[in-house]
Amino acid sequence: MADKTDKGAAQQEDPRVERARILSEALPFMQRYDKRTVVVKYGGHAMGDEALGAEFARDIVMLKQAGLNPVVVHGGGPQIGAMLTRLGIKSEFSGGLRITDKATVDIVEMVLAGSINKQIVAQLNQAGGRAIGLCGKDGNLIVARKVEQKIHDPESNIEKILDLGFVGQPEKINPEILEVIQKSDIIPVIAPIGVSADGHTYNINADTVAGAIAGAMGAARLLLLTDVKGVLDKQGKLMEALTVDQAKSLMQDGTISGGMIPKLETCIESVEDGVEAVVILDGRVRHAVLLELFTEHGAGTLIQK
């Protein structure tokens, strides 16, 4: 009888030992990314869910404690839309980009660099980290230029340039301020607002900013949190890994379409700019960032050379 009891006790592992085992298995991944930069684009459902937001903050603080240098870049499209509606300002889109006049860009800057940015900073600080909020104007981090979008007029069969107003794209990243911050225990949180050489403010797509910053810093990983599992094939099955050439082929043959195309274009450009690999992650999955960086299985689609 005593033998059976001992055998049953051995089979039922102490939960503390299980937790220790999980931490031990994460060691080689921590060593892989030790003192390396990881840029995380934070947005979508994950940013709108309070519980997921708190978990995301704890995960980013853990990365810093584990010796990584996390850089958070955030979006805020739904929050911008809600504020414009409250103020009675109409907003139009073209090709997924918000047409941004002077009145709108002031609101965009207020929401992105103000309320959203400081909310994320507060969450990280509450989780035990030390975070600081930045935008492209700080330290001249993001020098931007105006986006020119071409459209085809079916009536005249002429290609025209659509004026999107104060919508920009990064022309140059000056990462010196981030390099200084990296030497401390501070986590930078960046709003995707840029400034032109002549002082104009520009609203920039957050994925694009994250990719440009990751490339300028030679990041080990760029993680793009989204509201989908990752890149799916024609049967709807997750593709866990792609090369740059495979990603280009999937866009050309129509397997990838819609909103995933600009994300993949950002991934490809980032890898070609020197980022070791980019991962499109499902931000709705709890602890998606930790699963991707500290486990063998990951949590999305990895794109590399």
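A. Expanded view of the packing of aromatic side chains. In total, this model carries two aromatic pairs according to the counting rule given. Note on F166 and Y202: the rings are 5.9 Å apart at their centroids and 45° apart in plane angle, and the pair reads as tilted. You can see F166 sitting in strand β7 (residues 158-173) and its partner Y202 sitting in strand β10 (residues 201-203), a full 36 residues away along the chain.

B. Examining the sheet that holds strand β13 (residues 277-282) more closely. Here we have eight strands laid out as an open sheet, ordered β5-β8-β2-β1-β11-β13-β14-β12, and mixed in their pairing. Either end of the sheet is taken by a strand with one partner, and the two such strands are β5 (130-135) and β12 (241-243). Each strand of the sheet is rotated relative to its neighbour by a mean of 20°, with strand direction disregarded. Sheet contacts for helix α9 (residues 244-252): β12 and β14 (300-304); angle to β12, the most-contacted strand, approximately 90°.

C. Quick peek at unusual backbone geometry. Backbone geometry at N140 places phi at a positive 55°, although glycine is not the residue there. On the secondary structure map, N140 appears in the loop between β5 and β6 (142-153). Take N140: its relative accessible area is 40%, and that puts it in the partly exposed class. One non-glycine residue, H287, lies in the positive phi region at around 60°. Mapping H287 onto the fold places it in the loop between β13 and α11 (288-294).

D. Broad picture of the packing of α9 against helix α10 (residues 260-272). Packing of α9 against α10 brings their axes to within 10 Å, and their N-to-C directions diverge by 155°. By the criterion of interaxial angle, the relationship of α9 to α10 is roughly antiparallel. Judged by the sense of rotation from one axis to the other, the crossing of α9 with α10 is left-handed. The residues of α10 that touch α9, namely those facing V244, A247, K248 and M251, are I261, L264, E265, I268, V271 and E272.

E. Examining the pairing of strand β1 (residues 37-42) more closely. Summarising burial for β1: six of the six residues are buried, a large majority. Of the two faces of β1, the one holding T37, V39 and K41 and the one holding V38, V40 and Y42 are both buried throughout. Where β1 meets strand β2 (residues 69-74), six bridges bridge the pair, whose relative direction is parallel. Bridge pairing in β2 links K41 to V73.

F. Just α9, in detail. Of all the positions in α9, only V244, A247, L250 and M251 are classed as buried. One face of α9 carries all of its buried residues, which in axial projection span an arc of 125°. In α9, those exposed residues whose orientation departs by more than 90 degrees from the buried face are D245 and Q252. With its phi angle positive at about 90°, G254 sits one or two positions after the end of α9.

G. Fine view of the pattern of salt bridges. Tallying each qualifying case throughout the model produces 11 salt bridges. Among the salt bridges present, the one from R36 reaches E276, with a minimum N-O distance of 2.7 Å. Remark: E276 occurs in the loop between α10 and β13 and R36 occurs in the loop between α2 (15-32) and β1; sequence separation between them is 240 residues. Across the salt bridge formed by R130 and D185, the nearest N and O atoms sit 2.9 Å from each other. Of this pair, R130 sits in strand β5 while D185 sits in the loop between α7 (176-182) and β8 (186-191), and the two are 55 residues apart along the sequence.

H. Examining the pairing of β14 more closely. Counting buried positions over the five residues of β14 gives four, a clear majority of the element. Pairing geometry for β12 and β14, over three bridges, is parallel. Paired with T243 across the two strands is Q304, which belongs to β14. Summarising the sheet, β13 and β14 pair through four bridges and their orientation is antiparallel. Paired with V279 across the two strands is L302, which belongs to β14.

I. Representation of the nonpolar core. Within the largest apolar cluster, 45 residues are counted, with the highest numbers of intra-cluster contacts made by L124, L223, L225, L293 and F294. When residues in this core are grouped by element, the largest group, eight residues, is from helix α6 (residues 102-126). Residue contacts for F294: discarding those within four places in its chain leaves A26, F29, M30, M62, L63, A66 and L68. Core analysis: the second largest hydrophobic core is formed by 38 residues, L141, I173, L222 and L250 among them.

Reading the values: the criteria
Residues numbered from 1 in each chain as written. Predicted model: local features only at pLDDT ≥ 70, side-chain atom pairs only at ≥ 80, totals over all residues. Heavy atoms only, no water. Phe/Tyr/Trp six-rings, centres within 6.5 Å; stacked < 30°, edge-to-face > 60°. Helix = DSSP H or I, 4+ residues; strand = E, 2+ residues; numbered from the N terminus. Pairing = 2+ DSSP bridges. Axes fitted to C-alpha atoms, helices over the stretch in contact; angles between N-to-C directions. Contact = heavy atoms within 4.5 Å. Buried < 20%, exposed > 50% of the residue type's maximum accessible area, 1.4 Å probe, protein only. Parallel < 35°, antiparallel > 145°, perpendicular 65-115°, else oblique. Left-handed = near helix turned anticlockwise from the far one by under 90°. Arc of directions from axis to C-beta. Salt bridge = Lys/Arg side-chain N within 4 Å of Asp/Glu carboxyl O. Core = buried A, V, L, I, M, F, W, Y, C linked by side-chain atoms within 4.5 Å.

These figures capture arrangement, not role.
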